[in-house]
Protein chains: 2
Amino acid sequence: MMPSPTRNTVAISEPDPSRRNNLALLTSLVHHNGVLSRAQLTKRTGLNRSTVGALIGQLVNLEVVYEAAPSGEAQVGRPSPIVHPRPSIAALAVNPEIDAVTIGLVGLGGKVQKKIRFDTERIPTAKEAVNIAAAVIEGMRSELDASYQVMGVGIAVPGLVNRDDGVVRHAPHLGWRDEPVARMLGEATGYPCHAANDASLGAEGELLFGAGAGQKNLIFLNGGASGIGGGIVADGELLRGTSGYAGELGHTFVRSSGKPCHCGATGCLETEVSQSSLFELAGIGGGDAGDLEQALRRNSSETVDAEVARQLEFLGIALRNAVNIFNPEAIVLDGFLGVLHALSPGKLDSLLRSQAMDGPADQVKTYRAALGSDLMMIGAAELAFAQFLSDPAGALAALPMGKVDYVR
Amino acid sequence: MMPSPTRNTVAISEPDPSRRNNLALLTSLVHHNGVLSRAQLTKRTGLNRSTVGALIGQLVNLEVVYEAAPSGEAQVGRPSPIVHPRPSIAALAVNPEIDAVTIGLVGLGGKVQKKIRFDTERIPTAKEAVNIAAAVIEGMRSELDASYQVMGVGIAVPGLVNRDDGVVRHAPHLGWRDEPVARMLGEATGYPCHAANDASLGAEGELLFGAGAGQKNLIFLNGGASGIGGGIVADGELLRGTSGYAGELGHTFVRSSGKPCHCGATGCLETEVSQSSLFELAGIGGGDAGDLEQALRRNSSETVDAEVARQLEFLGIALRNAVNIFNPEAIVLDGFLGVLHALSPGKLDSLLRSQAMDGPADQVKTYRAALGSDLMMIGAAELAFAQFLSDPAGALAALPMGKVDYVR
DNA sequence: AGTGTTTGTTTCGCTATCCAACATATTATG
DNA sequence: CATAATATGTTGGATAGCGAAACAAACACT
């Protein structure tokens, strides 16, 4: 037998890292900005016209994007074709909560194509949540196989999640501990699965597609039935920390001799500021942030105002800390924290101006989250898109024989 | 007149960004790790043997590094030459404080070559500090010109500094407001000058050369006469924020109805934890952290222990917040905070284990700063090295005719 | 209709990398 | 002490990817 003179490793030819980077750059730009002309892309990337042409050509071949006729906008010079992301490149999103598991399908470009909320009678266990998600995904299977290229599944969990291995370290409100949800759902569905903290993903979602679009430094706070979650984007990158647990702003110290928190400390923001008392004052048993806001505006009273003011006071303390530490451009509030902000507009901003330091607080603005109930889907999908966005060609080539129309 | 057919822009030929990146990568590795063999460099960079060979060759030509005989360590195979940073590539460091201005010269590799402390009778104004620094630098001029390639000057200021334009927004303890120190010193010396917050630079220094070496997520806190400064490194990058004001951990809220702070808020860490009461209890009027520690150990008493415990308690609150938010691997304490930590070893760690959340606090360890009085010099120099490290060849070519031994 | 402007397209050359073969310096082995 | 094994520096050639320039196309303006 003749030994092959030179061993042909893995792929036919790995692309240069430079090419990979540029493809990734273009793909991310199109994904996050939605619609850009080729001329705009050359300006944004700083690459040469001809290079962008070649790169876009490759992305068109890979069916990542398509070019459409120039927009009608009157401009001197030859019109530049518009580059659109193909929503058939998609990611699945899963968000377990205490009363439901929501499954979504999000296309490249960040549009939610499909969202299925599965209400549960009881708080789902990790196993139940995975089973529900797997079943719903199985139901969509034929459609997915026929019309989409699914890049993976992202799971947004309200709790501490180790992003590297997808293990839920502790989700107090779900009662989960050390659950390897990413592996579990991966085995159940066959898709690559990743998990992360819900608020961190929310921060990324609002940064890319919502109230924080175009910014670089953002603090996101979500208030829900299961407490207050936080996510922080610094210099365009989500803060992850050593194990991916970063961002727990809900457990900022805001009160001496405050109540004990389930986290083991006392005086946490989450124990002083919660939506249950607001629901009581509003006179409704439950509902979403919109319901709460309406009810509170209807039942306006001194008691309500006082409670809103009290909660904003504590929120202000946590936020001034965060502003001093991060010097952000934007603070984005979701859930009942967004309601608090909306009920007393300007209050938080004036608290920050008076209490935070001059420099760090200069430029900060407070926003209400813009993506509503789509946020978790978009954020979780971003997690699943991550690998694809960092190497589009490679990720598609590694796809389990989706549509391979070339001879090997 | 004949118009030149093709306009020759700037440099003779700009190198490919890829080459620039690789040169920068190698230079940073050698600078931060000090001594590495060529074989180690190929492994660390992932580049090809021959490529690293060519790159090192260029760096040797540029006199950025030199190769020395292989270390005596017995290894199978051909020995690999050791690559050393040339300390003649240097940066100047300036650190104004309330009672002195310190000027230093730091070589590539992070070794402090020279340090001159200029004591002042009064708190220096910005103008005075700049004059002092300029005069001292002028004194070293001939030596600098003869034996060094100075890449610039870094100024470490205890206060809010806009890193982009080098303007000190507010340095409360120095009494400075809106002082463009970088521009001022730049005009006085002719060197490119940059300024940043002292604690941020301290964080970078300890990360690269001190107690946090090799880590990716680190919180640095320095306690001095002018309060408590903080710097945060997340994912290997110093947190800067929108304007470079990030890191103000000294103004973390730690106490309800606490004393008012000069920053405008109440209950800040800096008002509850300060070194003045410790100096009183120690029975000495002043001195550095070492003096304080010795005196406190000599004068040990219940009163001292109680005060140390009280201060650690508040420090613990600020740190648990920070740990919950950042999920760091290391906390590095300098100045009197390092003394507090050393006097009651394990106290902070146990506070963190009990009060911070399980996940984020898992891996965190508390250290005392390792670089002592060199820290500010090293950190500030790093600021001045930054541009050189990101484009060694370009920075040297742009140097004002240092040693140009080729014909143009 | 002509002119100027902007942008896509094509061709070509250059740069930086990787690969493979060879050379070299050391330890291990008999 | 000689030979083998191993790791690494060195050299020459091949390739990929980008930028520059010249050309072509499509628009607005007059």
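Given the structure is predicted, the values throughout are model-derived calculations rather than measurements. (Residues numbered from 1 in each chain as written. Chains lettered and ligands numbered in written order. Predicted model: local features only at pLDDT ≥ 70, side-chain atom pairs only at ≥ 80, totals over all residues. Heavy atoms only, no water.)

1. Description of the overall build of chain A
Counting secondary structure elements, chain A contains 15 helices and 16 strands. Relative to a compact globule of 408 residues, whose C-alpha radius of gyration would be 22 Å, chain A shows 23 Å and is just as compact. Taken along its principal axes, the extent of the C-alpha atoms in chain A is 80 × 55 × 40 Å. The contacts in chain A between residues at least 6 apart in sequence include a share of 64% that link residues at least 24 apart. Total accessible area computed for chain A in this model is approximately 18200 Å², and 49% of it derives from carbon and sulfur atoms. The positive charge centre, built from 34 side chains, and the negative charge centre, built from 43, are 5 Å apart in chain A. (Helix = DSSP H or I, 4+ residues; strand = E, 2+ residues; numbered from the N terminus. Rg over C-alpha atoms; globule rule 2.2 N^0.38 Å. Contact = heavy atoms within 4.5 Å. Areas by Shrake-Rupley, 256 points an atom, 1.4 Å probe, with all protein chains shown as cover. Lys, Arg positive; Asp, Glu negative; His and termini not counted. Charge placed at Lys NZ, Arg CZ, Asp CG, Glu CD.)

2. Details of the interface of chain A and chain B
Chain A puts 45 residues into the contact, and the matching count from chain B is 45 residues. In total, chain A and chain B occlude about 3500 Å² of area from one another, counting both sides; carbon and sulfur atoms represent 54% of this. When the buried surface of chain A facing chain B is broken down by residue, A:Thr242, A:Phe253 and A:Ile325 rank first, second and third, together holding 19% of it. The tally of links from chain A across to chain B stands at two salt bridges. If you look at where chain A meets chain B, you find 23 residue pairs in polar contact (both at pLDDT 80 or more). Contributing elements (two or more residues each) for the side of chain A that touches chain B: strand 13 (227-234), helix 10 (302-326), helix 12 (347-355) and helix 13 (358-361) of chain A. Here the element with the most residues in the side of chain A that touches chain B is helix 10 of chain A; it accounts for six residues. Tallied by class, the residues present in the side of chain A that touches chain B amount to 19 nonpolar, 18 polar and eight charged. (Buried area = accessible area lost by both parts, 1.4 Å probe. Salt bridge = Lys/Arg side-chain N within 4 Å of Asp/Glu carboxyl O. Polar contact = N/O pair within 3.5 Å; in protein donor to acceptor, adjacent residues only side chain to side chain. Nonpolar A, V, L, I, M, F, W, Y, C, P; charged D, E, K, R; others polar.)

3. Considering the packing of aromatic side chains
Residue and element names in this part refer to chain B. The tally for this structure, following the rule as stated, stands at four aromatic pairs over all chains. Between Phe385 and Phe388, the ring centres sit 6.4 Å apart and the planes meet at 50°, which makes this aromatic pair tilted. Taken together, the residues Phe385 and Phe388, both in helix 14 (residues 375-390) and three residues apart, mark about one turn of the helix. Overall, Phe385 belongs to the buried group, its relative accessible area being 0%. (Phe/Tyr/Trp six-rings, centres within 6.5 Å; stacked < 30°, edge-to-face > 60°. Buried < 20%, exposed > 50% of the residue type's maximum accessible area, 1.4 Å probe, protein only.)

4. Here's the deal with the sheet that holds strand 8 (residues 160-162) of chain B
Residue and element names in this part refer to chain B. Pairing within the open sheet is antiparallel, and its three strands lie in the order 8-9-10. Edge positions in the open sheet fall to strand 8 and strand 10 (176-179), since each of these has one partner strand only. Taking the axes of each pair of neighbouring strands and ignoring which way they run, one obtains an average angle of 15° across the sheet. The pairing of strand 9 (residues 167-171) with strand 10 spans three bridges and is classified as antiparallel. Each residue of the ladder has a partner; that of Val168, found in strand 10, is Glu179. (Pairing = 2+ DSSP bridges. Axes fitted to C-alpha atoms, helices over the stretch in contact; angles between N-to-C directions.)

5. Digging into the state of the cysteines
Residue and element names in this part refer to chain B. The full count for this structure, using the stated rule, is zero disulfides over all chains. With no disulfide of its own, Cys268 has Cys263 as its nearest cysteine by sulfur position, at a separation of 3.7 Å. Under the relative-accessibility criterion, Cys268 is labelled buried at 0%. (Disulfide = S-S within 2.5 Å.)

6. Here we look at the relation of the copies chain A and chain B
Relating one copy of the chain to the other takes a rotation about an axis and a shift parallel to that axis. Mapping chain A onto chain B calls for a rotation angle of 180° and an axial translation of 0.0 Å; the resulting RMSD is 0.1 Å. Here the copies are linked by what is in effect a two-fold axis. Taking C-alpha positions as the reference, the residue of chain A nearest the rotation axis is A:Ser256, at 2.6 Å. (Least-squares fit on C-alpha atoms with pLDDT ≥ 70 in both.)

7. Quick look at helix 8 (residues 275-282) of chain A
Residue and element names in this part refer to chain A. Within the sequence span of helix 8, burial applies to Gln275, Leu278, Phe279 and Ala282. Take helix 8 and look down its axis: the buried residues cluster within an arc of 100°, on one side only. Each element contacted by the buried residues of helix 8 is listed here: strand 12 (218-224), helix 9 (289-298), helix 10 and helix 11 (336-343). Gly283 occupies a position one or two residues after helix 8 and carries a positive phi of about 75°. (Arc of directions from axis to C-beta.)

8. Topic: the protein's contact with DNA strand D
If you check the shell around DNA strand D, you find 26 residues, and the closest are A:Asn22, A:Thr51, B:Arg38, B:Arg49 and B:Ser80. Restricting the count to atoms of DNA strand D within 4 Å of the protein gives a sugar and phosphate share of 68%. Between DNA strand D and A:Asn22 there is a distance of 2.5 Å, counted from a phosphate oxygen to a side-chain nitrogen or oxygen. Here a phosphate oxygen of DNA strand D sits 2.5 Å away from a polar atom, N or O, in the side chain of B:Arg38. Taken together, the residues that form the surface near DNA strand D break down as seven nonpolar, eleven polar and eight charged. (Near = heavy atom within 4 Å.)

9. Structural notes on the confidence of the model for chain A
Across chain A, pLDDT averages 92, with 95% of residues at or above 70. Confidence drops under pLDDT 50 across residues 1-12 of chain A; counting only partners more than four residues distant or on other chains, this segment forms zero contacts. (pLDDT = per-residue confidence, 0-100.)

10. Describing the pairing of strand 5 (residues 100-107) of chain B
All names here are of chain B. With eight of eight residues buried, strand 5 is to be regarded as a mostly interior element. Burial along strand 5 is two-sided: Ala100, Thr102, Gly104 and Val106 and Val101, Ile103, Leu105 and Gly107, pointing in opposite directions, are all buried. With seven bridges joining them, strand 4 (residues 89-96) and strand 5 adopt antiparallel strand pairing. Each bridged residue has a counterpart across the sheet, and for Pro96 the counterpart in strand 5 is Val101. Between the antiparallel neighbours strand 4 and strand 5 lie three residues.

11. Description of the domain arrangement of chain A
All names here are of chain A. Assigned domains of chain A: these are domain 1 (17-85), domain 2 (90-201 + 374-397) and domain 3 (212-370). Computed over C-alpha atoms, the centres of domain 2 and domain 3 are 26 Å apart. Opposite the 14 residues of domain 2 that make contact, domain 3 presents 18 residues. A buried area of about 1400 Å², summed over both sides, lies between domain 2 and domain 3, and 56% of it is on carbon and sulfur atoms. When the buried surface of domain 2 facing domain 3 is broken down by residue, Arg163, His173 and Ala199 rank first, second and third, together holding 35% of it. Between the two partners, domain 2 and domain 3, sit one salt bridge. With a closest N to O distance of 3.1 Å, Arg240 and Asp164 form a salt bridge. Our enumeration of links across domain 2 and domain 3 arrives at three residue pairs in polar contact (both at pLDDT 80 or more). Listing elements by their share of the side of domain 2 that touches domain 3, those giving two or more residues are strand 8 (160-162) and helix 6 (198-209). Examining the composition of the side of domain 2 that touches domain 3, we find that three residues originate from one element, strand 8, more than from any other. (Domains from an automatic or database assignment.)

12. Topic: the side chain of B:Ser200
Residue and element names in this part refer to chain B. Position of Ser200 relative to the elements: it lies in helix 6 (residues 198-209). The buried category is assigned to Ser200, whose relative accessible area is 4%. In this view, Ser200 contacts Gly230, Gly231, Leu238 and Ala246; residues no more than four positions away in its chain are not counted.

13. Some details on the packing of helix 1 (residues 17-33) of chain A against helix 2 (residues 38-45) of chain A
Residue and element names in this part refer to chain A. Contact pair helix 1 / helix 2: the axes reach a minimum separation of 11 Å and the direction vectors enclose 120°. Between helix 1 and helix 2, the crossing angle belongs to the class labelled oblique. When the axes of helix 1 and helix 2 are compared, the crossing they make is right-handed. Mapping the contact onto sequence places Leu25, Leu26, Leu29, Val30 and Asn33 in helix 1 and Leu41, Arg44 and Thr45 in helix 2. By residue class, the composition of the contact of helix 1 with helix 2 is five nonpolar, two polar and one charged. (Parallel < 35°, antiparallel > 145°, perpendicular 65-115°, else oblique. Left-handed = near helix turned anticlockwise from the far one by under 90°.)

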